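Examination of the molecular architecture
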Amino acid sequence: MKETEDTLMTGASSRLGLVLEGGGMRGIYTSGILDEFLLNGIKADGLVGVSAGILHGVSYVSEQVGRDIRYYIKLRSDKRFMSLQSLIKTGNLCETEFCYNEISDVLAPIDFETFSENAKRMEVFACTTNLATGKAEYLRLTDVREQRDRDITRASASLPMVSQTVIVDGKELMDGGIGLDCEVTLLATGLFYRSVTKYSETVYVGGKIYPYTYPYSYADVSANTLMIDSDSFADSPCKITIYGPCENPVWKHYVNNELYATGAYNGILRADHKLVIDTTRVPYSITEQGVSGEVIADRYQACDFTTKRFILLQNGTNRISLSHDGLNSVDMMVEAKISYETV
């Protein structure tokens, strides 16, 4: 940390700039970080703040550790600090005289000398919005004893509908967040995945279905079922592997105990082959593969096109069941990629 601090303070290899966001009372979190910067000797070469950001930035430039949290705790219940009463009485949610003069001069005085001295080497800007153009304007602060600088900081934090406009240099200004037009470049967008694999030791068949009624029936039960819970609200791909030997396998997908999708392959799998239904890759595929995963044949066309065939896991409890027309037991594996949107 010491080497980093020295670099930041001397500017030997880089210049440090701080951009301080607004956010009303939540800005106190920014203040805490700035206090830590001061305690560790980290001094910026430039600072831009908007709304609450520039108000806390002033305490950073004046090097007053703990100033903001102290007056926040002490004055937060004062109606003049922020209240509907103040809005009705003065036209400002935060009373101007109290917040921008009495606090700064008397109740929690700013170290004006230190601020002005640091502002000579550090470029300090408040972001405001010019109501005539609708664009953001960045105005430099050099001495917050001066009324112009105080008006600039007040304008930067003057929200529409709960604050009056502020006149600086003949311009009507308000909160800088209104006019900000930030261009954001997304370096990469896509999905990240949480992988889940379920493998059946033995999936027992439900029996062959005949066109006439028995006094008993075959049904999909827990014995031939794999369960996967998904906490994602995005469709999550999965790969179902059905191991031979089996005949005319049928796979069914239940979501929260309701049938969601089915698929069926019309054919026979040898003992050393497997059928892979894969939605983890694009394009989706249904292939017959050998023991080592080599593709024997594309089986998409051999599937029942009256069914959905492909399975995407949904939010909730997903149950994958399997049956086939043979008399032997069948093994099945489901590899799921629970997907979450991210940038």
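Please refer to the structure higher up on the page.
Residues numbered from 1 in each chain as written. Predicted model: local features only at pLDDT ≥ 70, side-chain atom pairs only at ≥ 80, totals over all residues. Heavy atoms only, no water.

One pass over the full model with this rule turns up 5 aromatic pairs. Considering the side-chain rings of Tyr-72 and Phe-81, the 5.7 Å spacing of their centres and the 80° angle between planes classify their relative orientation as edge-to-face. For the pair Tyr-72 and Phe-81, a shared accessibility class is recorded, and that class is buried. Here the aromatic rings of Tyr-284 and Phe-310 are separated by 5.4 Å at their centres, their planes lie at 55°, and the arrangement is tilted. Linking Tyr-284 in the loop between strand 14 (274-278) and strand 15 (285-289) with Phe-310 in the loop between strand 16 (295-298) and strand 17 (312-313), this pair joins segments that are 26 residues apart in sequence. (Phe/Tyr/Trp six-rings, centres within 6.5 Å; stacked < 30°, edge-to-face > 60°. Buried < 20%, exposed > 50% of the residue type's maximum accessible area, 1.4 Å probe, protein only. Helix = DSSP H or I, 4+ residues; strand = E, 2+ residues; numbered from the N terminus.)

Between two packed helices, what matters for the description is the angle formed by their axes and the separation of those axes. Their axes nearest at 9 Å, the elements helix 2 (residues 28-39) and helix 3 (residues 52-61) cross at an angle of 15°. Classified by the interaxial angle, the pair formed by helix 2 and helix 3 is roughly parallel. Relative to helix 3, helix 2 is oriented so that their crossing is right-handed. In contact with Ile-28, Ser-31, Leu-34, Phe-37 and Leu-38 of helix 2, helix 3 contributes His-56, Gly-57, Ser-59 and Tyr-60. Considered class by class, the residues forming the contact of helix 2 with helix 3 number 5 nonpolar, 4 polar and no charged. (Axes fitted to C-alpha atoms, helices over the stretch in contact; angles between N-to-C directions. Parallel < 35°, antiparallel > 145°, perpendicular 65-115°, else oblique. Left-handed = near helix turned anticlockwise from the far one by under 90°. Contact = heavy atoms within 4.5 Å. Nonpolar A, V, L, I, M, F, W, Y, C, P; charged D, E, K, R; others polar.)

Further remarks concern the side chain of Glu-95. Position of Glu-95 among the secondary structure elements: in the loop between helix 5 (84-90) and helix 6 (96-107). Of the side chains with opposite charge, Lys-89 lies nearest to the buried Glu-95, which makes no salt bridge, at 4.7 Å. Residues in contact with Glu-95, not counting those within four places in the same chain, are Arg-80, Ser-86 and Thr-90. (Lys, Arg positive; Asp, Glu negative; His and termini not counted. Salt bridge = Lys/Arg side-chain N within 4 Å of Asp/Glu carboxyl O.)

Okay, the pattern of salt bridges next. Considering all chains together, one arrives at 14 salt bridges under this definition. Put simply, Glu-113 and Arg-145 hold a salt bridge, and the shortest N to O gap is 2.9 Å. Of this pair, Glu-113 sits in helix 7 (residues 112-121) while Arg-145 sits in the loop between strand 4 (135-140) and helix 8 (147-156); the two residues are 32 residues apart in sequence, bridging distant segments of the chain. Residues joined in a network through salt bridges with shared partners are Asp-78, Arg-80 and Glu-102.

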